[in-house]
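Coordinate analysis (summary)
Chain by chain, the residues:
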Amino acid sequence: MVQGLNYFFWLLAIVAFGFELWALFDALRTPAGAYAAADKQNKNLWVILLVVANVVGLGGAVNFLHLLSILPIAAFLVAAIYLADVRPAVQPYRGKRGGSSGGPYGPW
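Residues numbered from 1 in each chain as written. Predicted model: local features only at pLDDT ≥ 70, side-chain atom pairs only at ≥ 80, totals over all residues. Heavy atoms only, no water.

**Quick look at the UniProt feature "transmembrane region" (unreviewed entry) in the protein chain**
- In this structure's numbering, the residues bearing the UniProt feature "transmembrane region" (unreviewed entry) are residues 6-25, 45-64 and 70-90.
- End C-alpha to end C-alpha, residues 70-90 measures 29 Å, and it is 100% helix and 0% strand. (UniProt positions renumbered as here; feature names shortened; annotations may be inferred. Helix = DSSP H or I, 4+ residues; strand = E, 2+ residues; numbered from the N terminus.)

**Looking at unusual backbone geometry**
- Even without being a glycine, Asp 39 presents a positive backbone phi close to 60°.
- For Asp 39, the position within the fold is in the loop between α2 (32-37) and α3 (43-61).

**Remarks on the nonpolar core**
- Ranked by internal contacts, the top residues of the largest apolar core, which has 14 residues, are Ala 23, Ala 27, Tyr 35, Leu 50, Tyr 82, Val 86 and Val 90.
- When residues of this core are assigned to their parent elements, the largest contribution, 5 residues, is made by helix α4 (residues 70-90).
- Each residue touching Tyr 35, except ones within four places of it in the same chain, is listed here: Ala 27, Thr 30, Lys 40, Gln 41, Asn 42, Lys 43, Trp 46, Tyr 82, Val 86 and Val 90. (Core = buried A, V, L, I, M, F, W, Y, C linked by side-chain atoms within 4.5 Å. Buried < 20%, exposed > 50% of the residue type's maximum accessible area, 1.4 Å probe, protein only. Contact = heavy atoms within 4.5 Å.)

**Some words on the side chain of Asn 54**
- Looking at where Asn 54 falls in the secondary structure, it is placed in helix α3.
- On the basis of relative accessibility, which here comes to 7%, the residue Asn 54 falls in the buried class.
- At a separation of 3.1 Å, a polar atom in the side chain of Asn 54 contacts the main-chain carbonyl oxygen of Glu 20.
- Here the side chain of Asn 54 touches Leu 21 through a polar contact of 3.3 Å, landing on its backbone nitrogen.
- With near-sequence residues (within four places) excluded, Asn 54 lies in contact with Phe 17, Glu 20, Leu 21 and Leu 24. (Polar contact = N/O pair within 3.5 Å; in protein donor to acceptor, adjacent residues only side chain to side chain.)

What follows is the structure, given as structure tokens:
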């Protein structure tokens, strides 16, 4: 029973690390001006926070850190805040793909 629970928490740590990687790559792709335009903290701060979150998340995923300690949970929360609050706010200010300008419902 305990072994199965350990595998479950290890799987959760791997999924959380995946979210942390996604948040870091998204923050790196977003231009620095988008953060200022969306009235969010600057890009450098978010990249530093997400790099630290990825290091801690990797430590949790490879069982270096105890999975129920506060550090892997805090690392996931940093990535979750980025993905839930900052990413949607900076999304309209990212470079458009396809080259056509338009409104929220399509080209004008």
